[in-house]
Amino acid sequence: MENSRPVSTPIDPKAPLVKANEFEPAYEKQLYQQIIRSLIYLVTCTRLDLGFVMSFLSRFSSHPLLCYHTAVKRVFRYLARTCTTSLVYTRHLSTDIPLLITGYSDADYTLCHNTRRSVSGYIFLLNNYTISWLSKKQNSVSTFITESEYMALATTAWQALWYINRHSQLGFTIPVKLKAINTSSINVAKNPINNPKTKHINVSYHFTREHLIRKFCILSYGPTGENLTDIMTKGLPSVLHQRHIQGLSLTE
């Protein structure tokens, strides 16, 4: 793939893939699994821009088809264009800049065409530098958009609490702000009164509401165009993909 034609995005947002029928023969299963493991290593270490696509393509590892191999090859074509891209952390000359952790939460409703489950994603920044990220299919089916966003927000809040506890053990406090694009899920998290439409939501996802009452963090609305977590929940057009790359301390 070294001499392949480069592309500007790791996945085509207009080409949804579905799980193969069990009666269709698998295509080079071992090779596909080896490729997936190698690319996941990149995601774990530094290439968070591949977080969604690798979470998505890894679901087909048990029974890959030729079309999945084609999708993986697109990732390599993207890497050929962005092989020098990496996370960069610079040292501030001034020590007067206060530290702040900002967590972005997002979900893509019923993205999985087989199970109809949504995808949760979060990105945390320490000041303007990315420190953690996640793209993961949710554990259960959401019946409406607010529920899927609320479930993603709970996952983000769990990570935020980990940061708070870790810094507390080290003897200092860093304020944490959470941002979400869905106003309905924000209202559910902030409102202690149970809405009839949210009674069926698993109790564990009300974790966010409890800790907002304790004021362990601040939850606010983040405009759609500014939510960096889009890159962790769906395939994006080239222009939007590049815009988020620039906001994630990823540089060439």
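Just above sits the structure.
Below is a summary of the structure that appears in this document. (Residues numbered from 1 in each chain as written. Predicted model: local features only at pLDDT ≥ 70, side-chain atom pairs only at ≥ 80, totals over all residues. Heavy atoms only, no water.)

1. Points about the overall build of the chain
Here is step 1 of the chain: For the chain, the count of helices and strands is seven helices and seven strands.
Here is step 2 of the chain: Along the chain, helices (α) and strands (β) appear in the sequence α-α-α-β-β-β-β-α-β-α-α-β-α-β when read from the amino end.
Here is step 3 of the chain: When each of the 252 residues of the chain is scored for burial, the buried share is 48%.
Here is step 4 of the chain: Long-range pairs, those at least 24 residues apart, make up 75% of the contacts in the chain with a sequence separation of at least 6. (Helix = DSSP H or I, 4+ residues; strand = E, 2+ residues; numbered from the N terminus. Buried < 20%, exposed > 50% of the residue type's maximum accessible area, 1.4 Å probe, protein only. Contact = heavy atoms within 4.5 Å.)

2. Description of helix H5 (residues 183-190)
An α-helix turns once per 3.6 residues; consequently, residues spaced three or four apart project the same way.
Here is step 1 of the chain: All of the buried residues along H5 are Ser-185, Ile-186, Val-188 and Ala-189. Projected down its long axis, H5 carries its buried residues within an arc of 160°, all on one side. (Arc of directions from axis to C-beta.)

3. Re the nonpolar core
Here is step 1 of the chain: Counting residues in each nonpolar core, the largest one holds 36 residues, and the members touching the most others are Leu-50, Met-54, Leu-57, Val-75 and Ile-123.
Here is step 2 of the chain: Counting only elements with at least two residues in this core, the list comes to helix H1 (29-45), helix H2 (51-57), helix H3 (66-81) and strand S3 (119-126).
Here is step 3 of the chain: It is H3 that contributes the most residues to this core, six residues altogether.
Here is step 4 of the chain: The contact partners of Val-75, leaving out residues within four places of it in the chain, are Pro-10, Leu-39, Leu-50, Val-53, Met-54 and Leu-57.
Here is step 5 of the chain: Counting 20 residues, the second-largest nonpolar core is a separate cluster that includes Leu-161, Tyr-163, Ala-180 and Leu-219. (Core = buried A, V, L, I, M, F, W, Y, C linked by side-chain atoms within 4.5 Å.)

4. A closer look at the packing of aromatic side chains
Each pair of aromatic rings is reported with the distance of its centres and the angle of its planes.
Here is step 1 of the chain: Inspection of the entire model under this criterion finds seven aromatic pairs.
Here is step 2 of the chain: A centroid spacing of 5.8 Å and a plane angle of 20° characterise the contact between Phe-52 and Phe-56, whose relative ring orientation is stacked. With Phe-52 and Phe-56 both in helix H2 and four residues apart, this pair spans about one turn of that helix. Accessibility classification places Phe-52 together with Phe-56 in one group, the buried group. (Phe/Tyr/Trp six-rings, centres within 6.5 Å; stacked < 30°, edge-to-face > 60°.)

5. Some points on unusual backbone geometry
Here is step 1 of the chain: One non-glycine residue with positive phi stands out, namely Glu-28, at about 45°.
Here is step 2 of the chain: Relative to the helices and strands, Glu-28 resides in the segment before H1.
Here is step 3 of the chain: The partly exposed category is assigned to Glu-28, whose relative accessible area is 42%.
Here is step 4 of the chain: Residue Asn-127 is not a glycine yet carries a positive backbone phi of 55°.
Here is step 5 of the chain: With respect to the secondary-structure elements, Asn-127 resides in the loop between S3 and strand S4 (129-137).

6. Looking at H3
Here is step 1 of the chain: Taking 1.5 Å as the rise per residue, H3 with 16 residues should run 22 Å; its terminal C-alpha atoms sit 23 Å apart, in good agreement.
Here is step 2 of the chain: Taken together, the buried positions of H3 are Tyr-68, His-69, Ala-71, Val-72, Val-75, Arg-77, Tyr-78 and Leu-79.
Here is step 3 of the chain: The inward-facing, buried residues of H3 abut H1, H2 and helix H7 (238-246). (Expected span 1.5 Å × (residues − 1).)

7. Quick word on the pattern of salt bridges
Here is step 1 of the chain: With the rule as written, the count across this model stands at four salt bridges.
Here is step 2 of the chain: Linking Lys-234 and Asp-106 is a salt bridge whose minimum nitrogen-to-oxygen distance equals 3.4 Å. Separated by 128 residues along the polypeptide, Lys-234 in the loop between strand S6 (218-221) and H7 and Asp-106 in strand S2 (residues 101-108) bring together distant segments of the chain.
Here is step 3 of the chain: For Asp-106, a relative accessible area of 1% translates into the label buried.
Here is step 4 of the chain: Note that Asp-108 and Lys-234 form a salt bridge whose closest N and O atoms lie 3.8 Å from each other. Of this pair, Asp-108 sits in strand S2 while Lys-234 is found in the loop between S6 and H7, placing the two residues 126 residues apart along the sequence. (Salt bridge = Lys/Arg side-chain N within 4 Å of Asp/Glu carboxyl O.)

8. Quick notes on the sheet that holds S2
Here is step 1 of the chain: If you walk across this open sheet you meet the five strands as S4-S3-S2-S5-S6, and the pairing is mixed. The open sheet is flanked by S4 and S6, the only strands paired with a single partner. For this sheet, the mean inter-axis angle between neighbouring strands, taken without regard to orientation, is 20°.
Here is step 2 of the chain: As defined by bridge partners, S2 adjoins S3 across eight bridges and the pair is classed as antiparallel. (Pairing = 2+ DSSP bridges. Axes fitted to C-alpha atoms, helices over the stretch in contact; angles between N-to-C directions.)

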